[in-house]
Amino acid sequence: MASLKVPSNVPLPEEDAEQLHKAFSGWGTNEKLIISILAHRNSAQRSMIRSVYAATYNEDLLKALDKELSSDFERAVMLWTLDPAERDAYLAKESTKMFTKNNWVLVEIACTRSAVELFKVKQAYQARYKKSLEEDVAQHTSGDLRKLLLPLVSTFRYEGDDVNMMLARSEAKILHEKVSEKAFNDDDFIRILTTRSKAQLSATLNHYNNEHGNSINKNLKEGSDDDYMKLLRASITCLTYPEKHFEKVLRLAINKMGTDEWGLTRVVTTRTEVDMERIKEEYQRRNSIPLDRAVAKDTSGDYEDMLVALLGHGDI
């Protein structure tokens, strides 16, 4: 996993913890100081700051932030400060609740994280919520959505680069047959998507494209456009071309009447240390405007400053 570029003269976690404590003290909160520290520390450094803060001040840094901050700025800072596995566990839980239900988030976590990362998310989920992620997904979904999402969150994909080309050809044929029959919820169709390694799946879908002159997602768009079909296409994109998926989420979040702050915050905080450079390139290519400028035009105040800092605008 890539990490933020952090200068060699970054203060010690003890100094950062002390500065954060000062930011919470006195009249009002020093939001600029909070951004200048947390937005410029990588995951390991943020974890150290939390440990030192708890040991020094006998309080969880997250609880202190929760007391001092509010609205979208608070959500961005809190999500960013969480350990990646904790963050994904929280996002997954939110996505299964009735009022914040969002199956797209489950697809993102299941399809864009590595097998080990997904395993850690499920461990964090179980530790925090005293039940398994699979249990909640099964409980809060039904029908075809459950049939797709449950194996996606349950799988432990092979992570290597080995590819069986004969298998790719035969499974491309199966996928094409199922698409032609509009059997989009077929067991074999779902099995291939939810169990094969990303390298194997890419080989299969490349063969599909070469053999039939269309990408599978283009063919799937010719089917119905219900929630299941949208999630099916999103799963394929997340597995094979994640930056394309996240560019779309960002485009929809900031290119319409009213900002989808939840989607915007989620993508920036979860992808900054992973593949944000590729997402920014994809966004610029698709929208002819740099992502940080688009975000700055659509947000304001401390929330804007936090997101732009995470996007790498300025000295990191």
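Look up: the structure comes first, before these words.
Described in the following lines is the structure provided in the data block. Not measured: the values here are computed from a predicted model. (Residues numbered from 1 in each chain as written. Predicted model: local features only at pLDDT ≥ 70, side-chain atom pairs only at ≥ 80, totals over all residues. Heavy atoms only, no water.)

## Things to note about empty space enclosed by the protein
What counts is decided by this rule: The rule is simple: put a 1 Å grid over the protein atoms alone, call a set of points where a 1.4 Å probe fits but cannot get out a cavity, call an open set with protein on both sides within 12 Å along at least five of seven lines a pocket, and count a residue as lining if it has an atom within 4 Å of a point. Grid points are joined across faces, edges and corners, and a volume is the space filled by probe spheres set on the points. Each residue gets one label: Ala, Val, Leu, Ile, Met, Phe, Trp, Tyr, Cys and Pro are nonpolar, Asp, Glu, Lys and Arg are charged, and the others, such as Gly, are polar.
What the rule picks out here adds up to one cavity of 30 Å³ or more. Lining of the largest cavity is provided by A110, R113, S114, A115, L118, T155, R157 and E159. Residue classes in the lining of the largest cavity are distributed as three nonpolar, two polar and three charged.

## Quick look at the packing of helix 7 (residues 103–112) against helix 10 (residues 143–154)
Which entries qualify depends on this criterion: Every axis in this analysis is a line fitted to C-alpha atoms, fitted for helices over the stretch in contact. Angles between the N-to-C directions lie between 0 and 180 degrees. Numbering of helices and strands runs from the N terminus; a helix is a DSSP stretch of H or I covering at least four residues, while a strand is a stretch of E covering at least two. Rotating anticlockwise by less than a right angle from the far helix to the near helix defines a left-handed crossing, while the corresponding clockwise rotation defines a right-handed one. By the convention used here, residues are in contact when the closest approach between their heavy atoms is within 4.5 Å.
In the contact formed by helix 7 and helix 10, the axes pass within 9 Å of each other and the chain directions differ by 35°. Note on packing geometry: the crossing formed by helix 7 with helix 10 is left-handed. Residue-level inspection shows N103, L106, V107, A110 and C111 of helix 7 in contact with helix 10, the latter providing L145, L149, L152 and V153. Tallied by class, the residues present in the contact of helix 7 with helix 10 amount to eight nonpolar, one polar and no charged.

## Here's the deal with unusual backbone geometry
Here is the rule we go by: Residue exposure (1.4 Å probe, protein chains only): buried if accessible area is under 20% of the type maximum, exposed if over 50%, otherwise partly exposed.
For N58, which is not a glycine, the phi torsion comes out positive at approximately 55°. Mapped onto the elements, N58 comes out in the loop between helix 3 (43–57) and helix 4 (61–68). Positive phi outside glycine occurs at S288, with the angle close to 60°. By secondary structure assignment, the location of S288 is in the loop between helix 18 (276–287) and helix 19 (291–298). By relative accessible area, S288 is classed as exposed at 63%.

## Some points on the packing of aromatic side chains
Applied cut-off: Two rings belonging to Phe, Tyr or Trp (six-membered ring only in the last case) form a pair when the distance between their centres is within 6.5 Å. Interplanar angles under 30 degrees mark stacking, angles over 60 mark edge-to-face geometry, and anything in between is tilted. The rule is short: NZ of Lys or CZ of Arg within 6 Å of the ring centre and within 35 degrees of the ring normal puts a charge over the ring.
A complete count under the given rule lists four aromatic pairs for this structure. Look at F24 and Y53: their rings are 6.2 Å apart centre to centre, the planes differ by 70°, and that puts the pair in the edge-to-face class. Here F24 is found in the loop between helix 1 (13–23) and helix 2 (31–38), whereas its partner Y53 is found in helix 3, with 29 residues between them in sequence. Across this residue pair, the class does not change: F24 and Y53 are buried. Aromatic ring contacts, followed pair by pair, group F24, Y53 and Y57 into a single cluster. Across from the ring centre of W80, 3.7 Å away, lies the NZ or CZ of R46, which sits over that ring. Over the aromatic face of Y129 sits the side chain of K93, whose NZ or CZ is 5.2 Å from the ring centroid.

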